[in-house]
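Here are the chains, one letter per residue:
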Number of protein chains: 4
Amino acid sequence: MSDRFDAIVAELAKQKIELPSWAFGNSGTRFKVFGTPGTPRSVEEKIADAATVHRYTGLAPAVALHIPWDTVDDYSALRDYAAEQGVALGTVNSNTFQDDTYKFGSLTHSDPDVRQQAIDHHFRCIDVMNATGSRDLKIWLADGTNYPGQGDIRSRQDWLHESLQTIYDRLGDDQRMVLEYKFFEPAFYHTDVPDWGTSYAQVSALGDKAMVCLDTGHHAPGTNIEFIVAQLLRLGKLGSFDFNSRFYADDDLIVGAADPFQLFRILVEVVRGGGYANPDVAFMLDQCHNVEDKIPGQIRSVLNVQEMTTRALLLDREALTRAQHEHDVLGANEIFMDAFYTDVRGDLAEWRESRGLPANPMAAYAASGHQQRIENERVGGTQAGWGA
Amino acid sequence: MSDRFDAIVAELAKQKIELPSWAFGNSGTRFKVFGTPGTPRSVEEKIADAATVHRYTGLAPAVALHIPWDTVDDYSALRDYAAEQGVALGTVNSNTFQDDTYKFGSLTHSDPDVRQQAIDHHFRCIDVMNATGSRDLKIWLADGTNYPGQGDIRSRQDWLHESLQTIYDRLGDDQRMVLEYKFFEPAFYHTDVPDWGTSYAQVSALGDKAMVCLDTGHHAPGTNIEFIVAQLLRLGKLGSFDFNSRFYADDDLIVGAADPFQLFRILVEVVRGGGYANPDVAFMLDQCHNVEDKIPGQIRSVLNVQEMTTRALLLDREALTRAQHEHDVLGANEIFMDAFYTDVRGDLAEWRESRGLPANPMAAYAASGHQQRIENERVGGTQAGWGA
Amino acid sequence: MSDRFDAIVAELAKQKIELPSWAFGNSGTRFKVFGTPGTPRSVEEKIADAATVHRYTGLAPAVALHIPWDTVDDYSALRDYAAEQGVALGTVNSNTFQDDTYKFGSLTHSDPDVRQQAIDHHFRCIDVMNATGSRDLKIWLADGTNYPGQGDIRSRQDWLHESLQTIYDRLGDDQRMVLEYKFFEPAFYHTDVPDWGTSYAQVSALGDKAMVCLDTGHHAPGTNIEFIVAQLLRLGKLGSFDFNSRFYADDDLIVGAADPFQLFRILVEVVRGGGYANPDVAFMLDQCHNVEDKIPGQIRSVLNVQEMTTRALLLDREALTRAQHEHDVLGANEIFMDAFYTDVRGDLAEWRESRGLPANPMAAYAASGHQQRIENERVGGTQAGWGA
Amino acid sequence: MSDRFDAIVAELAKQKIELPSWAFGNSGTRFKVFGTPGTPRSVEEKIADAATVHRYTGLAPAVALHIPWDTVDDYSALRDYAAEQGVALGTVNSNTFQDDTYKFGSLTHSDPDVRQQAIDHHFRCIDVMNATGSRDLKIWLADGTNYPGQGDIRSRQDWLHESLQTIYDRLGDDQRMVLEYKFFEPAFYHTDVPDWGTSYAQVSALGDKAMVCLDTGHHAPGTNIEFIVAQLLRLGKLGSFDFNSRFYADDDLIVGAADPFQLFRILVEVVRGGGYANPDVAFMLDQCHNVEDKIPGQIRSVLNVQEMTTRALLLDREALTRAQHEHDVLGANEIFMDAFYTDVRGDLAEWRESRGLPANPMAAYAASGHQQRIENERVGGTQAGWGA
């Protein structure tokens, strides 16, 4: 291992990335959802798959739940099951976009009864959190409108505040709410929480336990995401990341797949702003594996985050600051790029082995026969997907 | 009726817009498809709905089919049924994106057997055309890849040519192929026919019976669509339009809903380039009605096209040309905007009545009780949607 | 005049739009600035041109200054001169992007001396405001970097806060600061105030006299600007508009030229949120007339705002709210579009005449011979432009 | 040197990148052009700077001229001067955007006299080519309009064809025309050659000596550029590259600076499609150095192309094709990314030394004192820029 690498090993060991249970189910587009052999039929099988990812990488000690997709009768039992598998239950994600009631909104609906129904759903999510010991309630809203005039943008923002406040007030002392924003989809004219500014304004009005969730795929074309990271860390309001990547819209591709240099820049600002290995800033994946295998897709994803974090940690910040102060544009950029272009894969492989992990988790998983085993075992039943 | 309006009435009377059968079925996003009462359960009910739109507007004398969604045993019988309803069967749309075989491509698949299967599907579509008397075979391909390296962009383009050539050679003398392009979705890294240039290059290599289909929602942000219209008309390769509108991606909103001025500019170039009331340039809708009612949604859509066509026809081209030659930027723009800002709704209402149509088709439909009737009648069965 | 129009006449009469002095100078792109006959050679001539626009439209009683472009020795004299012409001096715009010192930033520069120099410039602007009686200090910063690593995004944000606080503290009781944001240009990697969220966070940290300035051309592709308008009005932080329009980047075209429906939606939210005829929300133009004549370009611009405001005021909000609450998507949209599609030009012409203004200000200006007069008179000297 | 690297050394040695003379002059934005010490005051000094880049890198044996910026009395003498410096004169770039005549267009202008003037300028460029021995005439047009209605899109396209044909007919047997397209700027509504489709359609109508020039910064947001590369190579119409990079619009940043992975993907398709070391496909830079030093900016640029070409050459295409045919999405992507993530800098340094070049050209240039020398020597005169 190189000296530079040695110096950051302690930091690297702190990395934890939460996996989304739904990444192991089938997903697709409005045109088609392709099924794949071995896909989980139950929450337990999703958790088992998440645990498999952790076993091969040492990076993914928790799995996020999506309610009602991951509804069970006994959450303590689920927690115990997860613990046996070697993972914890993490963030609870609410879902107010698949019930017919929510066709025209949930927490922002003009009808107070519908808003209350959506609030009640969040209360149930908090109940789940109490049972699972989860800290974070993540709210992503599909709310919005498709046609100018369809809804009253302004009133919906006020209703949103009331709804969030009611939910916020139910949070326990050690619980948090993270509010995710998204540029568009499924609403095609206006979205009620479309940008970081809106999420920031809304959570600031609630209190310290409300934070912004930044999904790396939820921005307008050309948006400088690392700037938002730096700004939210500065404002003390970056609660969590949903990592994934995109070329076009909310493509939900494997994190780092579309623009690895962007992922690097984001992680540089995370480190710069004190967001790394900081319990207040949760690292999560939120991805779809429409055409690739899911377990190795998740392994690849956490490795991508780890490799890029390594590069970000390797950045020679002292030299960079010096070059920045001298306005040595090319020099500063070269120092920056040097970290990005450093091939960290060999050092990471060595380091993994030193910790009892496979040097190459992708190869180890492929060689393990695990995929074939679950494909053979998981026959019958209904494969998990976004609808179930 | 104003004199200006009088002068274009003869042109207006020539307008024909084909409706997509699938617009009457349920549609939505990957997050949720909301069902609605009164949705057709069969091809016949879809055709009946299209005929209803035509009855109220006089604008929509044909309905396009989607194979296999609209597969029936006896297409002659279907043709007769449509004729009884007052509409013709129009363009046949192929579908090679919902069979598991096509997960990694159809006409561009690396496996020649899969390509042949997709070609065979198009042969069946031509058989349908022969039975229905349809002229146009419309090909939109979902083919593409999600990750860099996943497929060989270059070979896929060659395979696409071979596949298209084979299909083209099966076309009858009076039949055409129109090749639709789309910027992205469902593929998220590369799409095999992503832009007009590709569609143009591919159809040019085939022959005179192959043309480009321009879907107004399938472009990169900021693209000047009317320029493409002008260019394709100039090159003699604009075969058809798929009208709809978008704020973000392929939103498939009601045509004219997102940017009415853009629709105006497009129609101005259509008229300018000889594409209006030109049998070689088919006008079609391709939309989704995710949250609004479908029949009135389609009525609204054809009215939007009609209203904007009226404005485009009202453009004082002589004065415009003069101002353009004088480089009177503000003057030329004002002449252009004058046509756009002219409120044509009153004149159109009067004209409709003069032709035995309701002055206000939207209001007439709402007052007719038709919607309630189909909601009451269409109970049971499986509502049509993109999957069936 | 129609009854609907009659009902809004009182509101219409309240409209005031501030003109930018620099719109009367030459402007262009990095490729070329074309000069035009009749262009002002002095601040006084720019003010005279602004007064001409007001004389023809009754809409533009104030003109904004840009320092140092509009630097004079005696601002009281300038104020008197403007008053004689019939206009007031309005917003003072600072300029910290044309001095060599600011190559790497101004209020965000890593060197405290440069920051102080930029702060001092703003102090001088406040001195100008004291002399002219202007209320608003508008700050648009060109600050940013071109290459990843070039600057420290996070520190620059802190320095920005310090600089703004120092300037803010110098404001008089009746003075305000408005902070403009811009997506990109002239910086091409990161911009220090790139979005409304950043401007909002920065001004919120200062106090009640600091507000956000929304330039309609400064957003990422696809951004829903009317949403931001609604949000900032709701948060009580919308201080002013810079109106213009764009197809691509910061095109600075005539307001309403690129997407008139967007301008309508923006004005609907302005009215909805109490931002119309509200002294806290200043309406300004910020445009370039690269190829069109400047005085008629400005006349066209204020007329565009007036026409679209008329349509926004005509919106039948009661009916709209009813349709919204009934989730009548198509009905609500039709009410919305009805206001947009109403041709208000005839009523406005009549109304103008009733107020002693030309029915058609564009035609009246063209017929007046004024343009030829200034082209003949303004010979010699140096034409005003962005550099002087 | 690694074995993998050894295997591609022969290919690497073939790389040639043409430098633009204007990159050594001052450049900026419409807001400000910052001057820098040491900037050339003459064509000869620009050529000397280009030769310096070549001396340090061995990559840049030719320099492109821009007419009239690089107009001289005696082109043979200039050719000899360049040869003495160690470089050849390359592509001749025409300029029809800085003369007042061209305010409303050049080759597409509605006035045949203006078109002839622009054609004559191109004839003069061909004269220059005859004197310099240049092969390629590169045409980039600023032509377009700012407002809908301002010009007649369709006629302009026809005029463009006529103009190009006239120029084309003047080309010598060994000369070529390359037609560059650009999404927007300086025109803000429509651009006459906005996309590859238009350039392709236009050059195809001319003949074999007309080709498309692809500038990597001239596309709509999200455009898959490597697809266009693959397509144009397939169609035999990719004549040259203008390399640079962008985050937003036509930022003209150092190639590879904004999205190194995109540059990699482009070069992979170049290699895949036979465009590498192919005399028919010219590699050129077209960049601005607004804030960074120009000579090291160009050194950095050619090194970026070299490093990324190395990675593209290292791609294990055999393994990739196998994985592609097996539809092993993750496996194929990993093979692809492996080449990208390989740190080639050490091998390249060693290889450079083996060829008598500095191992680290950036460091060598910085240590040489050359920059200080030209800063001291080049005092007085008028620094070169886009205007001169």
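Each remark here, short or long, concerns the structure printed above.
In this text, all values refer to a predicted model and were calculated from it rather than measured experimentally.

*Asks:* Hey, could you go over the interface of chain A and chain D for me, with residue numbers and the actual values?
*Replies:* Buried accessible area, meaning the area lost when the parts come together, often serves as the stated size of an interface. If you look at the interface, chain A gives 32 residues, while chain D gives 31 residues. Of the roughly 2400 Å² buried at the junction of chain A and chain D (both faces included), carbon and sulfur atoms supply 59%. Ranking the residues of chain A by area buried against chain D places Leu330(A), Tyr341(A) and Arg345(A) at the top, with a combined share of 28%. In this assembly, chain A and chain D are joined by four salt bridges. As a salt-bridge pair, Arg300(D) and Glu334(A) come within 3.6 Å of each other at their nearest N and O atoms. Our enumeration of links across chain A and chain D arrives at two residue pairs in polar contact (both at pLDDT 80 or more). Among the elements of the structure, helix H8 (260–272), helix H9 (294–314) and helix H11 (329–341) of chain A are those that each provide at least two residues to the side of chain A that touches chain D. Per-element accounting of the side of chain A that touches chain D gives the leading share, seven residues, to H11(A). A breakdown of the residues in the side of chain A that touches chain D according to their chemical character gives 17 nonpolar, four polar and 11 charged.

*Asks:* Any details on the interface of chain C and chain A? Residues and values, ideally.
*Replies:* At the interface, 54 residues of chain C touch 54 residues of chain A. With both sides pooled, the region where chain C packs onto chain A buries about 4400 Å², and carbon together with sulfur makes up 59% of that total. On the chain C side of the contact with chain A, Arg154(C), Phe227(C) and Arg234(C) bury the most area, a combined 16% of that side's loss. Taken together, the connections running from chain C to chain A amount to four salt bridges. A salt bridge links Asp152(A) to Arg272(C), with the shortest nitrogen-to-oxygen separation between them at 2.7 Å.

*Asks:* Can you break down the relation of the copies chain A and chain D residue by residue, with the values?
*Replies:* Relative to chain D, chain A is turned by 180 degrees and slid 0.0 Å along the rotation axis, the superposed coordinates differing by an RMSD of 0.0 Å. Both chain copies can therefore be described as sitting about a two-fold axis. Of every C-alpha in chain A, the one belonging to Asp343(A) sits nearest the axis of rotation, 2.7 Å from it. Taken together, the interface assignments show that 97% of the residues at the interface of chain A recur at the interface of chain D, consistent with an identical surface on both copies.

*Asks:* If you had to explain the environment of Phe247(B) to someone new, which residues and values would you point to?
*Replies:* Structurally, the position occupied by Phe247(B) is in the loop between strand E9 (238–243) and helix H8 (260–272). Here the alpha-carbon distance between Phe247(B) and Val291(B), two residues 44 residues apart in the chain, equals 16 Å. Setting aside anything within four residues of it in sequence, one finds Phe247(B) in contact with Asn146(A), Pro148(A), Phe188(A), Tyr189(A), Leu253(B), Ala257(B), Ala258(B), Gly222(C) and Arg265(C).

*Asks:* Residue-level account of a negative patch on the surface, with values.
*Replies:* Residues and elements named next belong to chain A. Taken together, the side chains of Asp-73, Asp-74, Asp-80 and Glu-84 define an acidic patch exposed on the protein surface. Position of Asp-73 relative to the elements: it lies in the loop between strand E2 (62–67) and helix H3 (75–85). The class for Asp-73 is exposed, based on a relative accessible area of 85%.

*Asks:* Summarise the side chain of Asn224(A); cite the residues concerned and give the values.
*Replies:* One can find Asn224(A) in the loop between strand E8 (210–215) and helix H7 (225–234). Asn224(A) sits in the buried class, given a relative accessible area of 12%. At a separation of 3.3 Å, a polar atom in the side chain of Asn224(A) contacts the main-chain amide nitrogen of Glu226(A). In terms of polar contacts, Asn224(A) uses its side chain to reach the backbone carbonyl oxygen of Tyr189(C), at 3.2 Å. Beyond its immediate chain neighbours, meaning those up to four positions away, Asn224(A) contacts Tyr189(C), His190(C) and Tyr248(D).

*Asks:* A description of the relation of the copies chain C and chain A should follow, citing residues and the corresponding values.
*Replies:* Of the transformation placing chain C onto chain A, the axial shift is 0.0 Å and the rotation is 180 degrees, giving an RMSD of 0.0 Å. Residue by residue, 100% of the interface of chain C is reproduced at the interface of chain A, so both copies engage with the same surface.

*Asks:* Can you lay out the pattern of salt bridges for me, pointing to particular residues and giving the numbers?
*Replies:* This structure, assessed with the given rule, holds 96 salt bridges over all chains. A salt bridge links Glu185(D) to Arg30(C); the shortest N-O distance between them is 3.0 Å. Pair noted here: Glu185(D) is in the loop between strand E6 (176–180) and strand E7 (190–191) and Arg30(C) is in the loop between strand E1 (18–20) and helix H2 (43–57), and the two residues belong to different chains. The exposure class assigned to Arg30(C) is buried, which follows from its relative accessible area of 15%. For Arg176(C), the salt bridge is made with Asp136(C), and the minimal N-O distance between the two is 2.9 Å. Residue Arg176(C) is found in strand E6 (residues 176–180), and its partner Asp136(C) is found in strand E4 (residues 136–139); the two are separated by 40 residues along the sequence. The same class applies to Arg176(C) and to Asp136(C), which are both buried. Linked through salt bridges whose partners overlap, the residues forming this network are Arg30(A), Lys182(B), Glu185(B), Asp250(B) and Asp252(B).

*Asks:* Quick rundown of the packing of aromatic side chains? Include the residues and the values.
*Replies:* Taken as a whole and judged by the stated rule, the model has 98 aromatic pairs over all chains. Residues Phe261(B) and Phe336(B) carry aromatic rings whose centres are separated by 6.2 Å and whose planes lie at 80 degrees to one another, so their mutual orientation is edge-to-face. Of the two residues, Phe261(B) sits in helix H8 while Phe336(B) sits in helix H11 (residues 329–341), which places them 75 residues apart along the sequence. The pair formed by Phe261(B) and Phe336(B) is uniform in burial state, with each residue classed as buried. Taken together, a centroid distance of 5.4 Å and an interplanar angle of 50 degrees make the contact between Phe264(D) and Phe340(D) tilted. Of this pair, Phe264(D) sits in helix H8 (residues 260–272) while Phe340(D) sits in helix H11 (residues 329–341), and the two are 76 residues apart along the sequence. An aromatic cluster is present here, built from Phe261(A), Phe264(A), Phe336(A), Phe340(A), Tyr341(A), Phe261(D), Phe264(D), Phe336(D), Phe340(D) and Tyr341(D) joined pairwise through their rings. Just above the ring of Tyr168(B) sits the side chain of Lys209(B); from NZ or CZ to the centre is 5.5 Å. The side chain of Arg265(D) reaches across the aromatic face of Phe261(D), ending 4.8 Å from its centre.

*Asks:* Could you give an account of helix H10 (residues 317–325) of chain D, naming the residues involved and the relevant values?
*Replies:* Residue and element names in this part refer to chain D. Looking at H10, one finds that the buried residues are Ala-319, Leu-320, Ala-323 and Gln-324. Take H10 and look down its axis: the buried residues cluster within an arc of 135 degrees, on one side only. Buried residues in H10 make contact with H11. Count one or two residues on from H10 and you reach His-327, which has phi positive near 55 degrees.

*Asks:* Please give an account of the state of the cysteines that cites residues and values.
*Replies:* Residue and element names in this part refer to chain A. The full count for this structure, using the stated rule, is zero disulfides over all chains. Cysteine Cys-213 is unpaired, with the sulfur of Cys-125 as its nearest cysteine sulfur at 15 Å. Using a relative accessible area of 0% as the deciding quantity, one classes Cys-213 as buried.

*Asks:* Please provide a residue-by-residue account of the pairing of strand E3 (residues 88–94) of chain B, values included.
*Replies:* Residues and elements named next belong to chain B. The element E3 is largely enclosed, with a buried count of six among its seven residues. Looking at chain direction, strand E2 (residues 62–67) and E3 are connected through five bridges and run parallel. Bridged to Leu-65 within E3 is Val-92. One crossover worth recording links E2 to the parallel E3 by way of helix H3 (residues 75–85), and it is right-handed. Inspection of the sheet shows E3 paired to strand E4 (residues 136–139) by two bridges, in the parallel sense. Within E4, the residue paired with Val-92 across the bridge is Leu-137. Once you follow E3 into helix H4 (residues 112–132) and on to E4, the crossover reads as right-handed.

*Asks:* Kindly report on the environment of Gly275(A), identifying the contributing residues and their values.
*Replies:* Residue and element names in this part refer to chain A. Relative to the elements of secondary structure, Gly-275 occurs in the loop between H8 and strand E10 (282–285). Judged by relative accessible area, Gly-275 falls into the buried class, the value being 0%. Note: C-alpha distance between Gly-275 and Gly-239 (36 residues apart in sequence) is 9.4 Å. Leaving out residues up to four positions away in the same chain, Gly-275 has contacts with Leu-233, Val-270, Val-281 and Phe-283.

*Asks:* So, the packing of H2(C) against helix H3 (residues 75–85) of chain C: which residues are in play, and what are the values?
*Replies:* Residues and elements named next belong to chain C. H3 packs onto H2 with a crossing angle of 30 degrees between their chain directions and a minimal axis gap of 9 Å. With respect to H3, the axis of H2 lies roughly parallel. Where H2 crosses over H3, the two elements pack in a sense that is right-handed. Residues Val-43, Glu-44, Ile-47, Ala-48 and Ala-51 of H2 pack against Leu-78, Tyr-81, Ala-82 and Gln-85 of H3. Among the residues making up the contact of H2 with H3, the classes are represented as seven nonpolar, one polar and one charged.

*Asks:* I'd like a description of the pairing of E2(A), backed by residues and values.
*Replies:* Regular strands place side chains that alternate from one sheet face to the opposite one. Residues and elements named next belong to chain A. The buried fraction of E2 is high, at six of six residues. Where strand E1 (residues 18–20) and E2 come together, three bridges link them in parallel fashion. Residue Glu-18 lies in a different strand from E2, and its bridge partner there is Ala-62. Between E1 and its parallel partner E2, the chain crosses via helix H2 (residues 43–57), and the hand of that crossover is right-handed.

Cut-offs used in this document
- Residues numbered from 1 in each chain as written.
- Chains lettered and ligands numbered in written order.
- Predicted model: local features only at pLDDT ≥ 70, side-chain atom pairs only at ≥ 80, totals over all residues.
- Heavy atoms only, no water.
- Contact = heavy atoms within 4.5 Å.
- Buried area = accessible area lost by both parts, 1.4 Å probe.
- Salt bridge = Lys/Arg side-chain N within 4 Å of Asp/Glu carboxyl O.
- Polar contact = N/O pair within 3.5 Å; in protein donor to acceptor, adjacent residues only side chain to side chain.
- Helix = DSSP H or I, 4+ residues; strand = E, 2+ residues; numbered from the N terminus.
- Nonpolar A, V, L, I, M, F, W, Y, C, P; charged D, E, K, R; others polar.
- Least-squares fit on C-alpha atoms with pLDDT ≥ 70 in both.
- Patch = residues over 30% accessible without salt bridge, like charges linked within 9 Å, V, L, I, M, F, W, Y side chains within 5 Å.
- Areas by Shrake-Rupley, 256 points an atom, 1.4 Å probe, with all protein chains shown as cover.
- Lys, Arg positive; Asp, Glu negative; His and termini not counted.
- Charge placed at Lys NZ, Arg CZ, Asp CG, Glu CD.
- Buried < 20%, exposed > 50% of the residue type's maximum accessible area, 1.4 Å probe, protein only.
- Phe/Tyr/Trp six-rings, centres within 6.5 Å; stacked < 30°, edge-to-face > 60°.
- Lys NZ or Arg CZ within 6 Å of the ring centre and 35° of its normal.
- Arc of directions from axis to C-beta.
- Disulfide = S-S within 2.5 Å.
- Pairing = 2+ DSSP bridges.
- Right-handed = clockwise from strand over helix to strand, strands pointing away.
- Axes fitted to C-alpha atoms, helices over the stretch in contact; angles between N-to-C directions.
- Parallel < 35°, antiparallel > 145°, perpendicular 65-115°, else oblique.
- Left-handed = near helix turned anticlockwise from the far one by under 90°.

Keep in mind these values describe shape, not function.
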